[in-house]
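Survey of secondary and tertiary structure
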Amino acid sequence: MKASEIKNILKADVLTGEENLDMDVFAACGSDLMSDVMAYVKDNVVLLTGLVNPQVVRTAEMMDIKMIVFIRGKRPEDSIVQMAKEKGIIVMTTKDPMFIACGKLYSAGLTERGVWD
Amino acid sequence: MTNGIIRQNFVIPADDFTAAGEASSSVKKMLIQLGVDPQKVKKTAISMYEAEINAVIHANGGIASVEIDRNKIFIRIEDHGPGIPDVELAMKEGYTTAPDAIREMGFGAGMGLPNMKRYADLLEIKTEVGKGTTVEITVYLS
Ligand SMILES: Nc1ncnc2c1ncn2[C@@H]1O[C@H](COP(=O)(O)OP(=O)(O)OP(=O)(O)O)[C@@H](O)[C@H]1O
Ligand SMILES: [Mg+2]
């Protein structure tokens, strides 16, 4: 699935990374606990989270995650968006809550597990 | 990479949650510049970041020292925090003593040490209650 499709499905606002929206995403991970995210191994993962702080971007950086979607209409401060921009990470925000956002993406075909089995 | 050894130290500041992870971020950039295999860079970055965050949230910060030679990446994270009374228990997935305030900042899943174990080729933890903890992470390059 393309990042641009995720944007449309979640009616999300893009805060940075508009130029990279044709990137492919194969798996998704929804979590508010960063060490849970770091147990994930696959590449081309989108991270959905309700946590808004710089460690979300740090975690994405360490994991080579290139796309973050903040749920429930959360908007990170400019400094956090700037940090993501410097690392080439797409940042979006959607009004959908976690369960709904994950459900919509799953129904649209983003079904791959990102985690270790 | 040359035959030389690269050594670098970083201070991990206490009580600065915004700066937490900067040392790991610098090391990750350094490894990419050295042309290290991306999967090894990722393993190293995640392990070091987990250890760095632990030093910040459980132990008032510490010191990270990094050594890179042609065979391996070696990272030592040392703190003078409370130490870990039962390391075997702390290594279990889901075990955490993190309070709610830490959980609200996105940590406290009890997955940090298990993740270090998963990603590092070698993980050594030396700890003494009341004295502090040293975590040593090795990732082999060859
Ligand atoms: N450097 C340290 N000093 C003191 N105690 C530590 C240290 N590192 C880990 N611990 C103890 O071990 C427990 C487990 O650590 P671990 O990193 O696995 O989980 P966590 O830090 O609680 O949560 P997470 O890493 O998932 O965010 C911690 O809750 C803490 O009690
Ligand atoms: Mg931890």
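Computed from a predicted structure; not experimentally measured.

Looking now at the overall build of chain B. Counting its regular elements, chain B contains five helices and five strands. For chain B, the succession of helices and strands along the chain, N to C, is β-α-α-β-β-α-α-α-β-β. Taking 2.2 N^0.38 as the reference for a compact globule, 142 residues should give roughly 14 Å; the C-alpha atoms of chain B span a radius of gyration of 15 Å, in line with that estimate. By principal-axis analysis of the C-alpha atoms, chain B measures approximately 45 × 30 × 25 Å. In chain B, buried positions account for 50% of the 142 residues. Partitioning the intrachain contacts of chain B with sequence separation of at least 6 by distance along the chain shows that 66% fall at a separation of at least 24.

Let's shift gears to the overall build of chain A. On a plain count of helices and strands, chain A comes out with five helices and five strands. Order of helices (α) and strands (β) in chain A, N terminus to C terminus: α-β-β-α-β-α-β-α-β-α. For a compact globule of 117 residues, the expected C-alpha radius of gyration is about 13 Å, and chain A comes in at 12 Å, within 12% of that figure. Along the first, second and third principal axes, the C-alpha atoms of chain A reach 35 × 30 × 25 Å. Residues counted as buried form 53% of the 117 residues belonging to chain A. Put simply, 53% of the contacts in chain A that link residues at least 6 apart link residues at least 24 apart. On chain A, roughly 5200 Å² of surface is accessible, and the fraction owed to carbon and sulfur atoms is 50%. In chain A, which carries 14 positive and 17 negative side-chain charges, the distance between the mean positions of the two groups comes to 5 Å.

With that out of the way, let us pick up the interface of chain A and chain B. Note on interface size: it is often stated as the accessible area lost on association of the parts. Counting residues at the interface gives 23 residues for chain A and 27 residues for chain B. Around 2000 Å² of area is buried between chain A and chain B when both sides are counted, 54% of it from carbon and sulfur atoms. Three residues, Met38, Gln55 and Met62 of chain A, lead the burial of chain A against chain B; their summed loss comes to 31% of the area buried on that side. With a shortest N-O distance of 3.8 Å, Arg58 of chain A and Glu22 of chain B are connected by a salt bridge. Along the contact surface separating chain A from chain B lie 16 residue pairs in polar contact (both at pLDDT 80 or more). Contributing elements (two or more residues each) for the side of chain A that touches chain B: helix H2 (34-37) and helix H3 (54-63) of chain A. Here the element with the most residues in the side of chain A that touches chain B is H3 of chain A; it accounts for seven residues.

Attention shifts here to the pairing of strand S5 (residues 90-93) of chain A. All names here are of chain A. Along S5, one buried face is formed by Ile90 and Met92 and the opposite face, lined by Val91 and Thr93, is buried too. Bridge analysis of strand S1 (residues 13-16) against S5 gives three bridges, and the strand direction is antiparallel. Note that in S5 the partner of Val14 across the bridge is Met92. Pairing between strand S4 (residues 67-70) and S5: four bridges, direction parallel. The partner of Val69 across the bridge, within S5, is Met92. Following the chain from S4 across helix H4 (residues 78-86) to the adjacent parallel S5, one finds a crossover that is right-handed.

Lining the immediate environment of ligand 1, one finds 22 residues, of which His58, Thr96, Thr97, Gly108 and Met111 of chain B sit closest. Ligand 1 sits at the junction of chains A and B, each of which supplies nearby residues. In the model, an oxygen atom of ligand 1 is placed 3.2 Å from a nitrogen or oxygen of the Ser35 of chain A side chain. Ala109 of chain B has a polar backbone atom sitting 3.0 Å from an oxygen atom of ligand 1. Protein contacts shield 95% of the accessible area of ligand 1, which totals 600 Å² for the unbound molecule. Within the residue set of the shell around ligand 1, elements represented by two or more residues are helix H2 (38-59) and helix H5 (112-119) of chain B. Examining the composition of the shell around ligand 1, we find that four residues originate from one element, H2 of chain B, more than from any other. Of the residues in the shell around ligand 1, the class split is 10 nonpolar, 10 polar and two charged.

Rules of the game
Along each chain, numbering runs from 1 in the same order as the chain's sequence is written. A letter from A marks each chain and a number from 1 marks each ligand, given out in the order of writing. Local features in this predicted model are restricted to residues of pLDDT 70 or higher, and side-chain atom pairs are both shown and tallied only at a pLDDT of 80 or more, whereas totals for entire chains, interfaces and linings draw on every residue. Heavy atoms throughout the structure, all of them, feed into the side-chain values; hydrogens and water do not. Numbering of helices and strands starts at the N terminus; helices are DSSP runs of H or I of at least 4 residues and strands are runs of E of at least 2. Here the radius of gyration uses the C-alpha set of atoms, whereas the globule reference equals 2.2 Å times the residue count to the power 0.38. Each residue is placed in one exposure class: buried if its accessible area under a 1.4 Å probe, protein chains only, is under 20% of its type's maximum, exposed if it is over 50%, and partly exposed if it falls in between. The contact rule is simple, with two residues in contact once any of their heavy atoms fall within 4.5 Å. Surface accessibility in these figures is a Shrake-Rupley result with a 1.4 Å probe; residues are shielded only by whichever protein chains are displayed. His is not counted, nor are the chain ends; Lys and Arg add positive charge and Asp and Glu add negative charge. Charged groups are reduced to one reference atom each: NZ for lysine, CZ for arginine, CG for aspartic acid, CD for glutamic acid. Accessible surface is computed with a 1.4 Å probe, and the buried area is the amount of it that two parts give up when combined, taken over both parts together. Any Lys or Arg side-chain nitrogen located within 4 Å of an Asp or Glu carboxyl oxygen qualifies as a salt bridge. For this analysis, a polar contact is any N or O atom pair within 3.5 Å, provided that within protein one partner can donate a hydrogen and the other can accept it, and provided that sequence-adjacent residues contribute only side-chain to side-chain pairs. When DSSP finds two or more bridges between two strands, those strands count as paired. By convention, orient the strands away from the viewer: a clockwise path from the first strand over the helix to the second makes the crossover right-handed. Note on terminology: near, applied to a residue and a molecule or strand, indicates that one of the residue's heavy atoms is within 4 Å of it. Nonpolar residues are Ala, Val, Leu, Ile, Met, Phe, Trp, Tyr, Cys and Pro. Charged residues are Asp, Glu, Lys and Arg, and all others, Gly as well, are polar.

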